[in-house]
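Structure assessment
So the chains spell out like this:
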Amino acid sequence: MISRRSFGKALGVGAGAAAAGLTVPHGTATAAAVPAAPATVTAPGTAAAFGPIKQIRAGVLDVGYAELGPAHGPVVICLHGWPYDIHSYLDVAPLLAGQGYRVIVPYLRGHGTTRFLSDRTFRNAQQSAIALDVIALMDALKIHRAVLAGFDWGSRTADIVAALLPDRCKALVSVSGYLVTDREANLKPLAPRAELAWWYQYYFATERGRLAMEDKTLRHDLTRLVWDTVSPTWDFDDATFERTAAAFDNPDYAAIVVHNYRWRLSLADGERRYDGLEKRLAARPVIPVPTVTLDAERDPFTAPGGGAAYRDRFTGPYEHRTLPGIGHNVPQEAPAAFAQAVVDADHL
């Protein structure tokens with residue numbers, strides 16, 4: 001196994017729908033050959049909760065994560081975005097578990113029950129640090145290879161691992177395609193309508209925005225507004241939002257969110273030990289692993305062109321799909337389509 005320490009050294013950084021409805025491509029083996037835990041099949045958005053959340057020390061974190069499916073099944077790691085949490089995969093996870101996969105859904109740093117091990121650790125949310133968290137978690141769980149699937153921050157994190165350490169990524173599902181942050185490109189203005197969708201990024205660049213994220217009521221209302229605007233066709237109820245909003249009470253949540261968006265705009269520094277990795281990411285490395293990319297039609301961040309803008313970044317077996325009528329939170333709005341993408345990517 002390539003350890004997190006080896007990964008860091010190689011990159012120049014210090015260590016620090018119903019389940020039955022899923023189909024497997026003709027002529028390929030299915031993960032269900034491994035005895036599977038029974039999947040709980042529910043209508044999208046109606047599942048109550050995951051089972052008990054597990055905790056494990058991994059790198060600089062004590063990571064909280066949900067786990068479903070057989071312990072020795074092929075592994076899928078599902079990565080959430082902002083302002084979301086593991087419950088984006090509440091319907092996806094049992095669908096995949098029902099196909100024989102071991103499904104791991106971790107809280108990202110600053111979310112839910114994930115905590116920093118030391119008060120002295122810089123609350124860093126630059127993209128390479130979050131990617132290393134995934135490698136640290138895989139090492140802690142003794143997982144060498146996994147299918148990585150994500151949206152928003154989760155897509156970016158999965159993309160980075162798949163690009164820079166493809167030996168650890170069996171296949172990839174990436175909502176919105178290639179999301180590796182290019183900080184130089186982020187210095188250039190977008191068209192005004194595109195800038196409008198990113199209003200909170202600029203808000204967090206101000207002291208007012210930081211204070212809003214630290215205020216529980218303002219944070220609650222701000223994140224709810226984002227849910228409403230980026231998923232305009234998703235008819236979720238208050239209980240669905242509140243279940244996820246509980247993850248925002250993490251003591252490091254405001255610091256992590258604000259640093260992430262300020263770092264992207266070159267308004268905050270990362271850590272020097274990640275400079276080598278960020279230099280490699282600035283070159284927009286290709287992703288060689290089997291990949292399915294998903295574009296959500298009603299997501300304001302979906303680029304026009306049906307994935308054409310990032311097609312050349314994927315050099316392995318590849319499929320692209322557009323999801324009509326779906327907004328930003330793809331796994332929660334379209335769990336069957338997301339789960340199917342995972343199965344298909346695994347068999348490309």
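Residues numbered from 1 in each chain as written. Predicted model: local features only at pLDDT ≥ 70, side-chain atom pairs only at ≥ 80, totals over all residues. Heavy atoms only, no water.

Some words on the side chain of Asn250
By the element assignment, Asn250 lies in the loop between helix 9 (238-245) and helix 10 (253-264). On the basis of relative accessibility, which here comes to 4%, the residue Asn250 falls in the buried class. Those residues in contact with Asn250 that lie beyond four places of it in its chain are Gly110, His111, Gly112, Thr114 and Arg115. (Helix = DSSP H or I, 4+ residues; strand = E, 2+ residues; numbered from the N terminus. Buried < 20%, exposed > 50% of the residue type's maximum accessible area, 1.4 Å probe, protein only. Contact = heavy atoms within 4.5 Å.)

Details of the pattern of salt bridges
Evaluated as defined, the whole model comprises 17 salt bridges. We note a salt bridge from Arg210 to Glu207, for which the minimum N-O separation is 2.3 Å. Taken together, the residues Arg210 and Glu207, both in helix 7 (residues 207-214) and three residues apart, mark about one turn of the helix. On the accessibility criterion, Glu207 (44% relative accessible area) is partly exposed. Close ionic contact of Asp344 with Arg321 constitutes a salt bridge, the shortest N to O distance being 2.7 Å. Within this pair, whereas Asp344 is found in helix 13 (residues 335-346), its partner Arg321 is found in strand 9 (residues 318-323), the two being separated by 23 residues in sequence. On the basis of relative accessibility, which here comes to 11%, the residue Asp344 falls in the buried class. With a relative accessible area of 23%, Arg321 lands in the partly exposed category. (Salt bridge = Lys/Arg side-chain N within 4 Å of Asp/Glu carboxyl O.)

Digging into empty space enclosed by the protein
A water-sized probe rolled over the atoms picks out the places where empty space is left. The computed volume of the largest cavity comes to approximately 90 Å³. Lining the largest cavity, in full, are Leu61, Val63, Leu79, Pro106, Tyr107, Leu108, Arg109, Thr114, Ile130, Asp133, Val134 and Leu137. For the lining of the largest cavity, the secondary structure elements donating two or more residues are strand 2 (61-68) and helix 3 (127-140). Considering each element in turn, the lining of the largest cavity owes the most residues, four residues, to helix 3. Considering only residue class, the lining of the largest cavity consists of nine nonpolar, one polar and two charged. (1 Å grid on protein atoms, 1.4 Å probe; cavity = no way out; pocket = protein on both sides within 12 Å on 5 of 7 lines; lining within 4 Å. Points joined across faces, edges and corners; volume = space filled by probe spheres on them. Nonpolar A, V, L, I, M, F, W, Y, C, P; charged D, E, K, R; others polar.)

Re the packing of aromatic side chains
For the structure on display, the rule yields 24 aromatic pairs. Seen in terms of ring centroids, Trp82 and Phe204 are 5.6 Å apart; in terms of plane orientation they differ by 85°. Their pairing is edge-to-face. Placement of the pair is Trp82 in the loop between strand 3 (75-79) and helix 2 (92-97) and Phe204 in helix 6 (residues 199-204), with a sequence separation of 122 residues. This pair shows no difference in class: Trp82 is buried, exactly as Phe204 is. Considering the side-chain rings of Tyr200 and Phe204, the 6.2 Å spacing of their centres and the 50° angle between planes classify their relative orientation as tilted. Taken together, the residues span about one helical turn, with Tyr200 and Phe204 both in helix 6 at a distance of four residues. Residue Tyr200 is classed as buried on the basis of its relative accessible area of 2%. Overall, Phe204 belongs to the buried group, its relative accessible area being 0%. Among the aromatic residues, those joined into a cluster by ring pairs are Trp82, Trp153, Trp198, Trp199, Tyr200, Tyr203, Phe204, Tyr261 and Phe301. Here the guanidinium or amino end of Arg224 rests over the ring plane of Phe241, the centre of that ring lying 5.5 Å away. (Phe/Tyr/Trp six-rings, centres within 6.5 Å; stacked < 30°, edge-to-face > 60°. Lys NZ or Arg CZ within 6 Å of the ring centre and 35° of its normal.)

A short note on the confidence of the model for the protein
Mean pLDDT over the protein: 90, with 87% of residues reaching 70 or higher. Of all the helices and strands in the protein, helix 1 (residues 4-11) carries the lowest mean pLDDT, 41, while strand 3 carries the highest, 99. Confidence drops under pLDDT 50 across residues 1-20; counting only partners more than four residues distant or on other chains, this segment forms 48 contacts. Across residues 32-45 the pLDDT falls below 50, and counting only partners more than four positions away or on other chains, this stretch makes 30 contacts in the model. (pLDDT = per-residue confidence, 0-100.)

Some details on unusual backbone geometry
Each neighbour pair has its own omega, and for Trp82 with Pro83 the value is -5°, a cis peptide bond. Looking at where Pro83 falls in the secondary structure, it is placed in the loop between strand 3 and helix 2. With a phi angle near 60°, Asp152 is a residue other than glycine that sits in the positive phi range. Tracing the backbone through its elements, the reader meets Asp152 in the loop between strand 6 (146-150) and helix 4 (153-164). Its relative accessible area of 12% is what places Asp152 among the buried residues. Positive phi outside glycine occurs at Ser176, with the angle close to 75°. Exposure remark for Ser176: the relative accessible area of 13% places this residue in the buried category.

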